[in-house]
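Each chain, written out:
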Amino acid sequence: MVLCAMRRQLLRSGSCAVWARLLLQRQSSGCVYSSAHGFHQEEITEKLQAFPGGSVDLLKQESGIAVLTINYPSRMNAFSGSMMVELEERVSQLESWMDGKGVIVQGAAGTFCSGSDLTAVRAISNPQDGMKMCMFMQNALTRLLRLPLISVALVEGKALGGGAELTTACDFRLMASGSVIQFVHKHMGLVPGWGGAARLSRIVGSQNALKLLGGSLKVDPEVGLQIGLADGVLEVPRAEEGAGVVLQQAENWLSHYTEGAAPVIQAVKKVVLSGRELPLYEALRTEKDVFGTVWGGQANLQALANKSKHR
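Given the structure is predicted, the values throughout are model-derived calculations rather than measurements. (Residues numbered from 1 in each chain as written. Predicted model: local features only at pLDDT ≥ 70, side-chain atom pairs only at ≥ 80, totals over all residues. Heavy atoms only, no water.)

Below, the discussion takes up the sheet that holds strand β4 (residues 150–155). What links the strands of a sheet is backbone hydrogen bonding, and the strands pair in either a parallel or an antiparallel sense. Spatially, six strands are ordered β1-β2-β3-β4-β6-β9 in an open sheet, and the strand pairing comes out mixed. On the outer flanks of this sheet lie β1 (55–60) and β9 (232–234), each paired with one strand and no other. Averaged over neighbouring strand pairs, the angle between their axes works out to 20° when direction is ignored. Inspection of the sheet shows strand β6 (residues 172–176) paired to β9 by three bridges, in the parallel sense. Of the residues in β9, the one forming a bridge with leucine 174 is glycine 232. (Pairing = 2+ DSSP bridges. Helix = DSSP H or I, 4+ residues; strand = E, 2+ residues; numbered from the N terminus. Axes fitted to C-alpha atoms, helices over the stretch in contact; angles between N-to-C directions.)

Under the counting rule described, the total for this entry stands at ten salt bridges. We note a salt bridge from arginine 143 to glutamate 95, for which the minimum N-O separation is 2.7 Å. Taken together, the positions of arginine 143 in helix α6 (residues 127–145) and glutamate 95 in helix α4 (residues 81–95) put the pair 48 residues apart, joining distant regions of the chain. Put simply, Glu88, Glu95 and Arg143 are held in one network by salt bridges that share partners. (Salt bridge = Lys/Arg side-chain N within 4 Å of Asp/Glu carboxyl O.)

Now for the packing of aromatic side chains. Under the criterion given, the structure shown has five aromatic pairs. Judged by centre distance (5.0 Å) and plane angle (55°), the ring pair of tryptophan 253 and tyrosine 257 falls under tilted. Taken together, the residues tryptophan 253 and tyrosine 257, both in helix α11 (residues 245–258) and four residues apart, mark about one turn of the helix. Aromatic pair phenylalanine 291 and tryptophan 295: ring centres 5.3 Å apart, planes at 35°, arrangement tilted. Since its relative accessible area comes to 46%, phenylalanine 291 is described here as partly exposed. Judged by its relative accessible area of 59%, tryptophan 295 falls in the exposed class. These aromatic residues form a ring-pair network of at least three members: Phe172, Trp253 and Tyr257. (Phe/Tyr/Trp six-rings, centres within 6.5 Å; stacked < 30°, edge-to-face > 60°. Buried < 20%, exposed > 50% of the residue type's maximum accessible area, 1.4 Å probe, protein only.)

With 15 residues, helix α13 (residues 280–294) should cover 21 Å at 1.5 Å per step; its first-to-last C-alpha distance of 21 Å lies within 8% of that length. By the burial criterion, the buried members of α13 are Glu282, Ala283, Thr286 and Val290. Down the axis of α13, the smallest arc covering the buried residues is 100°, so these residues share one side. α13 presents Leu280, Tyr281 and Lys288 as exposed residues on the side facing more than 90 degrees away from its buried surface. Looking one or two residues beyond α13, the residue adopting positive phi is glycine 296, at roughly 80°. (Expected span 1.5 Å × (residues − 1). Arc of directions from axis to C-beta.)

What follows deals with the packing of helix α3 (residues 41–49) against α4. Running from N to C, α3 and α4 point in directions that differ by 135°, and their axes come no closer than 6 Å. For the element pair α3 / α4, the angle class is oblique. Facing α3, whose interface residues are Gln41, Thr45, Leu48 and Gln49, α4 presents Gly81, Ser82, Met84, Val85 and Glu88. Each residue belonging to the contact of α3 with α4 can be placed in one class, and the counts come to three nonpolar, five polar and one charged. (Parallel < 35°, antiparallel > 145°, perpendicular 65-115°, else oblique. Contact = heavy atoms within 4.5 Å. Nonpolar A, V, L, I, M, F, W, Y, C, P; charged D, E, K, R; others polar.)

Time to look at the sheet that holds strand β8 (residues 218–219). Pairing is mixed across the open sheet formed by three strands, whose spatial order is β5-β7-β8. In this open sheet, the two strands that pair with only one neighbour each are β5 (158–160) and β8. Sheet topology places β5 next to strand β7 (residues 180–182); three bridges connect them, and they run parallel. For alanine 159, the partnering residue across the bridge sits in β7 and is isoleucine 181.

If you want it as structure tokens, here you go:
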């Protein structure tokens, strides 16, 4: 929270170069709201914990690819209050994973996520609590997107409402055949509140975002590829092939972009992040700083020794 206040002060003073360096600090990389915005994390965490159910599970693998699973099948993997808190905790664990290179976000039991559990939604339906929940989830999902890991949403079954927003908090989206992404917020008398509208506009453009939000359109894999919401389509295996085949396909897809040393893959993500979020001048300076962290490093020296430039 202190780092977020520092960032605002630096921005007001015009010191973007210092802010750019702060952006690279994992602890502050996702802070959108702080106490200055009326957001007190401990307070909303306590409220959310009062609505238990399901879990958010994290599996870190030796390959450097983690699997983050939204796990509440009886509610189509909707987020309970306690699951929102667990999501924030899992993101914190990934931020400090020095050997990490990628993360796959999936739902349990063949469906992705149906947004918020209505039990919690009804209980905090007053505007004040709703805004606090909104800020909590925006912080968590922004930190997810800003992880120094390459992230992929593996969409099986349905990604509805907040689940659709969750897909936009990943660098890539892979859709299994038969899956659907749908921003159903209008049907609930709402608009996205977890940052999904802002991210969606950057992914598919404002015109397509208006169509998806205004029409609550169902996006299947074919449409997803056409508008750029999906980066690939995975075939659902036959029943006799067993569970986990789609996840393995996603890991194989992601491994094309995570092959190599973890510091290098993390550096790649950081320079792309700075290019996406900073003015060009400061993005260039940040790129220089990140370059300095890998120049002369073990992976660089090994590549020079192997003469692997043209491979």
